[in-house]
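Here's the letter readout for the chains.
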Amino acid sequence: MARYELVKRSVALITLTNPPVNALSSAVRHAMAKSMEQALNDPKVTAVVICGENGRFCGGADIREFAGPLRGPPLVPLLDAIEAGEKPVVAAIEGVALGGGFELALVCHYCIAHFKVNHFVLKIIKAVGMSRAAKPLSSRRVSMLTTPCPPDLDALLEVVTMEVKKKARGVMAPLACIQAVRAAATMPYSKGIKRESELMATLFNSGQARALQYCFFAQRTAGKWTLPSGAQWNNSKPREIRSAAIIGLGTMGRGIVVSLARVGISVIAVESEKKLLETGKQMVIGMLERDAKRRGVSASLNLLKFTLSLQDLKDVDLVIEAVFEDMALKKRVFQELSKVCRPATLLCTNTSGLDVDALAGVTDRPHLVVGMHFFSPAHVMKLLEVVCGPRSSSETIATAMSLGKRMGKVSVAVGNCPGFVGNRMLKPYMDQATFLLEEGATPEQIDKALEDFGFAMGVFRMSDLAGLDVGWRIRKESGLTGPDVDPKNPPRRRHGRRYCPIPDMVCEQGRFGQKTGRGWYMYDKPGGTNAKPDPLIQNLLEMYRSRYAIQPRNISDQEIIERCLFALANEGFRILEDGIAARPEDIDVIYLFGYGFPRHRGGPMFYASMVGLERVLERLEHYHQAHPDVPHLEPSPLLKKLVACGSPSVQTWREHIKTMHSHL
Ligand SMILES: CCC[C@H](O)CC(=O)SCCNC(=O)CCNC(=O)[C@H](O)C(C)(C)COP(=O)([O-])OP(=O)([O-])OC[C@H]1O[C@@H](n2cnc3c(N)ncnc32)[C@H](O)[C@@H]1OP(=O)([O-])[O-]
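The structure contained in this document is the topic of the report that follows. (Residues numbered from 1 in each chain as written. Predicted model: local features only at pLDDT ≥ 70, side-chain atom pairs only at ≥ 80, totals over all residues. Heavy atoms only, no water.)

1. So, the pairing of strand E3 (residues 47–52)
No. 1: Counting buried positions over the six residues of E3 gives six, a clear majority of the element.
No. 2: Bridging between strand E2 (residues 11–16) and E3 involves six bridges; their strand directions are parallel. Considered in E3, the bridge of Val11 is made with Ala47.
No. 3: Once the chain exits E2 it traverses helix H1 (residues 26–41) before rejoining the sheet at E3, and the crossover so formed is right-handed.
No. 4: Bridge analysis of E3 against strand E4 (residues 89–92) gives three bridges, and the strand direction is parallel. Pairing of Ile50 across the sheet is with Ala91, part of E4. (Buried < 20%, exposed > 50% of the residue type's maximum accessible area, 1.4 Å probe, protein only. Helix = DSSP H or I, 4+ residues; strand = E, 2+ residues; numbered from the N terminus. Pairing = 2+ DSSP bridges. Right-handed = clockwise from strand over helix to strand, strands pointing away.)

Printed below as a string of structure tokens:
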């Protein structure tokens, strides 16, 4: 856990050895305390060097131990002892120094960054010796430094607090950080440290801390996919991808080209018309140049080729289709790709919800077909749903997952069903929001409740940003609205279920969201971002309610949160039952990285577990009784089963799903 060596007969070298990141576990703290004592008591030792094994100084406290009671020596007294010691201690930092690891570096009298290999120790000793001659060790102790306190500290911290409250609504830790900074600037060191410990204790015992720790491990678990066949992340070899092609240079296609090119993959971009190709090309080049400037590198424009001909794709390793969400069009593209591409080329689709297996079925290589569902804008958003069709091979899935990782995405393997995981869950969530509009709420009231909960954007502001016409087109194609609807059909029912036509009415007025300057809100201009409540929407809602004799009622924020979020989690339980997601962590990661679910709430499934599954079940039963024509509010069998089993922790739900059918 910490190795002790005497180097050149006078330097104690303490190496932290706790893979993978040399975290400060109880065993490491114990070993460090012993090693420091040995070094300080050994008259031969004139200086101490602390470093980490395998190129990583220290990743901070061992988060795996946070769930249990604190064991082993506490960190702060150990750090105090290092700092107060009479022998110079040097932090030789390589890789990371985070959290407690950074604190450890701070209390050392000297820090050397980018440290490698032991023979530098001599240089260190020399440097330390020279500094000691010039300056006494006491001047190197951080606790003895005075902190400059600006005269306008209160005003300064007030501004920062306002900014933090706006950006990280409801999150405790950044506000506690500001209080710690105030303590550092206004109190003597010993009192400031005490204040920081108090703040830390409050945070440490909070539900937010549990949620954030859960998110940390959920994110890392999500990459570890498993198929019922036994194939999994650590026994399936991905192919190396050197070249790729993107079909379609719309918003999604452009973002995918940028994501691939900036990690060094040659990309051929295909469009159907010269004008579209030229526009797409200029936009991609602009995006890559801006991205390269921001990162201080040169833009990888030489990796790009733009073409109108699918024939140019015959030698690429992988193709990602990003044309319109139109099954007939996608099938034509996949048939064509089958003819053109060499037999080993992987064929991927960026569909956001269509049947991946139906596309695989029109190709000559269904085992090499997989969904790669990016989120818009694709070069910014971190999430990638890798949609495994029943015929996708493990090598194909491994390749898509590994390519996602290479592009810096958080990739999650999901099964094939309409909407996959993310968009399938979005439907009941959005349905509840529009039903609440019918019943008396306003878009701004619903958005405010969701934003106060922690979402970066409420559902209506998010829809305005994404564009309302996309969903409208999908509803028209699936016969829910438009001329294909039987006029005898009651306007607020489809297929025997409640249906809210308000989103269709908004689109019929040409209000497609931010891009048209009007949507659920009004904006100062097309493309504007400053959303203001629109009296016309208010009128529309009032007319709608009076047409259908709906008596508007006062709706509480609690009802908004419960109906939207419990319906969301309820669909998550069904997804687990159906084997479309392997575990609740995968669903939560999808919502955290693709849909702006607040991280300090852990994701919809973790949130449900924090509220208490019994309570979620009771509220869903209550709302379903009030709205029996909304099947999404009917509690799922898995939720009932988990409650009957005593509401086990989210990490163990998987054991209760084992017997169910997997589509992964
Ligand atoms: C008591 C004093 C408290 C103190 O004041 C406050 C703290 O220190 S709070 C703590 C402050 N520290 C932090 O918040 C640091 C959190 N960690 C990170 O930010 C990144 O992991 C790091 C940058 C270190 C490496 O990134 P990368 O290269 O992309 O690699 P990766 O991310 O894929 O992780 C590889 C493996 O390491 C595992 N693991 C990692 N860290 C820890 C840990 N601390 N613990 C345990 N395990 C940890 C991780 O689970 C994974 O395991 P597996 O089984 O292979 O899936």
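2. A few points about the site of the ligand
No. 1: Residues in close proximity to the ligand total 21 residues, the closest being Arg56, Ala61, Gly100, Glu103 and Arg220.
No. 2: Taking Arg56, its side chain carries an N or O atom lying 2.4 Å from an oxygen atom of the ligand.
No. 3: Contact between the ligand and Glu103: an oxygen atom at 2.7 Å from a side-chain N or O atom of the residue.
No. 4: Here the ligand, which alone exposes 1000 Å², has 64% of that area covered by the protein. (Near = heavy atom within 4 Å. Polar contact = N/O pair within 3.5 Å; in protein donor to acceptor, adjacent residues only side chain to side chain. Areas by Shrake-Rupley, 256 points an atom, 1.4 Å probe, with all protein chains shown as cover.)

3. What to know about a nonpolar patch on the surface
No. 1: The grouping of Phe102, Leu106, Val142 and Leu145 at the surface amounts to a nonpolar patch, some 350 Å² of accessible area in total.
No. 2: Relative to the helices and strands, Leu106 is located in helix H3 (residues 100–107).
No. 3: Assessed through its relative accessible area of 41%, Leu106 is described here as partly exposed. (Patch = residues over 30% accessible without salt bridge, like charges linked within 9 Å, V, L, I, M, F, W, Y side chains within 5 Å. Salt bridge = Lys/Arg side-chain N within 4 Å of Asp/Glu carboxyl O.)

4. Things to note about the pattern of salt bridges
No. 1: As enumerated under the stated definition, the model contains 44 salt bridges in all.
No. 2: For the salt bridge of Glu5 with Arg3, the shortest nitrogen-to-oxygen distance reads 3.4 Å.
No. 3: For Arg3, a relative accessible area of 37% translates into the label partly exposed.
No. 4: Notably, a salt bridge pairs Glu618 with Arg619, separated by 3.3 Å at the nearest N-O pair.
No. 5: Judged by relative accessible area, which is 36%, Glu618 ranks as partly exposed.
No. 6: Ionic contacts of the salt-bridge type, sharing partners, join the residues Glu438, Glu439, Arg492, Arg498, Arg553, Glu559 and Arg563 into one network.

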